[in-house]
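A structural walkthrough
Spelled out, the chains give:
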Amino acid sequence: MTTMIHVENVAKTFTLHNQGGVRLPVFDAVNFSVAAGEALVLAGASGAGKSSLLRILYGNYRPTSGHIHITHAGRAIDIVAAVPRTVLDIRRRTLGFVSQFLRVIPRVSALDIVRDPVLARGMSPEQATARAQAMLARLNLPERLWNLAPATFSGGEQQRVNIARSFVDPSPIMLIDEPTASLDATNRDVVVELIAEARQNGAAIVGIFHDEAVRSQVATRYLDITDFRKAA
Amino acid sequence: MTVHVSPPDAALDPAPLLSIARVSRFYGERIGCADVSFELWPGEVLGIVGESGSGKSTLLRCLAGIDRPDAGEVLFRGSGQPLDIYSVAEQERRRLMRTAWGIVHQNPRDGLRMDVSAGGNVGERLMDRGDRHYGQIRERALDWLARVEIAGERMDDRPRQFSGGMQQRLQIARVLVSEPKLVFMDEPTGGLDVSVQARLLDLLRVLVRDLGLAAIIVTHDLAVARLLTDRLMVMKDGHVVEQGLTDQVLDDPHHAYTQLLTSAVLSV
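Summary of the structure given here. It should be emphasised that the depicted structure is a prediction, and the values quoted were computed from it without experimental measurement.

Each helix and strand in chain B was counted, giving ten helices and ten strands. Dimensions of chain B, computed from the C-alpha atoms along their principal axes, are close to 55 × 45 × 40 Å. Burial analysis of chain B (268 residues in total) assigns 57% to the buried set. Counting only contacts in chain B whose residues sit at least 6 apart along the sequence, the fraction spanning at least 24 positions is 68%.

All names here are of chain B. Taking strand neighbours across the sheet as the criterion, the four strands line up as β2-β1-β4-β5 in an open arrangement whose pairing is antiparallel. In this open sheet, the two strands that pair with only one neighbour each are β2 (30-40) and β5 (83-84). Here two bridges tie strand β4 (residues 71-76) to β5, and the two strands are oriented antiparallel to one another. Its bridge partner lying in β5, phenylalanine 76 is registered against leucine 83. Lying over the sheet, helix α1 (residues 56-63) contacts β1 (18-27), β2 and β4, oriented at roughly 125° with respect to β1.

A few words on the environment of Met135(A). Locating Met135(A) in the fold gives a position in helix α4 (residues 125-138). According to the relative accessible area criterion, Met135(A) is buried, its value standing at 10%.

Each side of the interface is counted separately: chain A has 28 residues, and chain B has 39 residues. Overall, the association of chain A and chain B removes approximately 3100 Å² of surface from exposure, summing both partners, and the carbon and sulfur fraction of that is 49%. Sorting the residues of chain A by area buried against chain B places Arg62(A), Arg85(A) and Arg107(A) first, and these three jointly supply 25% of that buried surface. Counting across the chain A and chain B interface gives four salt bridges. Linking chain A with chain B are eleven residue pairs in polar contact (both at pLDDT 80 or more), by the criterion used here. Listing elements by their share of the side of chain A that touches chain B, those giving two or more residues are β1 (3-16), α2 (84-93) and α3 (110-120) of chain A. When residues of the side of chain A that touches chain B are assigned to their parent elements, the largest contribution, seven residues, is made by α2(A). Partitioning the side of chain A that touches chain B into residue classes produces twelve nonpolar, five polar and eleven charged.

Analysis parameters
- Residues numbered from 1 in each chain as written.
- Chains lettered and ligands numbered in written order.
- Predicted model: local features only at pLDDT ≥ 70, side-chain atom pairs only at ≥ 80, totals over all residues.
- Heavy atoms only, no water.
- Helix = DSSP H or I, 4+ residues; strand = E, 2+ residues; numbered from the N terminus.
- Buried < 20%, exposed > 50% of the residue type's maximum accessible area, 1.4 Å probe, protein only.
- Contact = heavy atoms within 4.5 Å.
- Pairing = 2+ DSSP bridges.
- Axes fitted to C-alpha atoms, helices over the stretch in contact; angles between N-to-C directions.
- Buried area = accessible area lost by both parts, 1.4 Å probe.
- Salt bridge = Lys/Arg side-chain N within 4 Å of Asp/Glu carboxyl O.
- Polar contact = N/O pair within 3.5 Å; in protein donor to acceptor, adjacent residues only side chain to side chain.
- Nonpolar A, V, L, I, M, F, W, Y, C, P; charged D, E, K, R; others polar.

Here you go:
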């Protein structure tokens, strides 16, 4: 199977310059790979660095050392060393990040938020709209909300808009941080289905799930971050 | 995680639009900006952040052709060979400033002609680049007023009859109507009410994406930088202390000064 992510000797230490230069080591010598069609679930207690690792894979946090090779358009590219426009291109076409929080933009409707990534990939506005509407419906977001800006939505509604945006056209690699945190059982099941579908269609998945039931439904493999923490 | 504003093929462009090498400007003994180098690619949006006096506006003025730097090079690649914008005659540089790139000033009064109608402010730029057909100029001006959400019936009003937010939108129409590849913006939302800012920000976000514009935006507002920019440069005392992808710099700042800036705001 195609390796989509290859993590090589990644270490992360935060240095807080304005708090006496205190150094917070998170982990050291992280090595693993994820193939297409796999779902790797990160395990370890709260504070072990699971979210930090996920953000490093996305190119959001910068590791203190090490390499992360992302298979992008058939080539392995080290996202740590890549220039900003390459990182953005990797994110646009290959690497998706699903967080539990929606970054609300004033005046932008839920439908536009969901349509945006498929438009950026070059789909026609009509097709993109149809796909976005289908995804919002699948996540049970009431139709009367579709053309409103989500600033006033509940936490769970905002979260579903965010998930719809991420799964409207799943990326070859999906990084998922607690997608079901404030969802009811019905919508939680939809999210589990969406993740399973993306994986069966060949996506490589790395995720953090606190809900034990969700975790066991999604995972094909586990990685305990605590093992890397001891070394740091 | 954030909404990206670059066009799909940004990474395929063969050459940078702007290449800056070791640009410095001094005010007597005092440093305006020192030894700044970077490249800007087509469709990229770069933010320059820092407190007042950090040199970000000085740098912008050097890059935009307004103030000649004391040292360094500003190379602009329009359609042909790269051109050192300070090696050409003043008149040629003025022409480039009106046609090849655009400047959105913080104060709309600095970018608009206050005694000329809204339609005239927009149409004038088309005449600058050689358009002569009055009907077409008027039609394009109307189209651009609509894109920045100014009603067509205000076309013959003068900017001084407009609110601050409308003046700023008019300035943006005047800059973008000539289809520049590159736009410089100095605190484009500064001095506006928060609700007016939100509307302007959304407008800028959509225009930059739809037109595939490259832009350099100076702001002290990290939320504005987060919304509009792909890359960020952090300036302090005239020097660039940190740069990178916008979300990297804001979420995992490495330099002490950037950590101070990002921790000083409530939430970006």
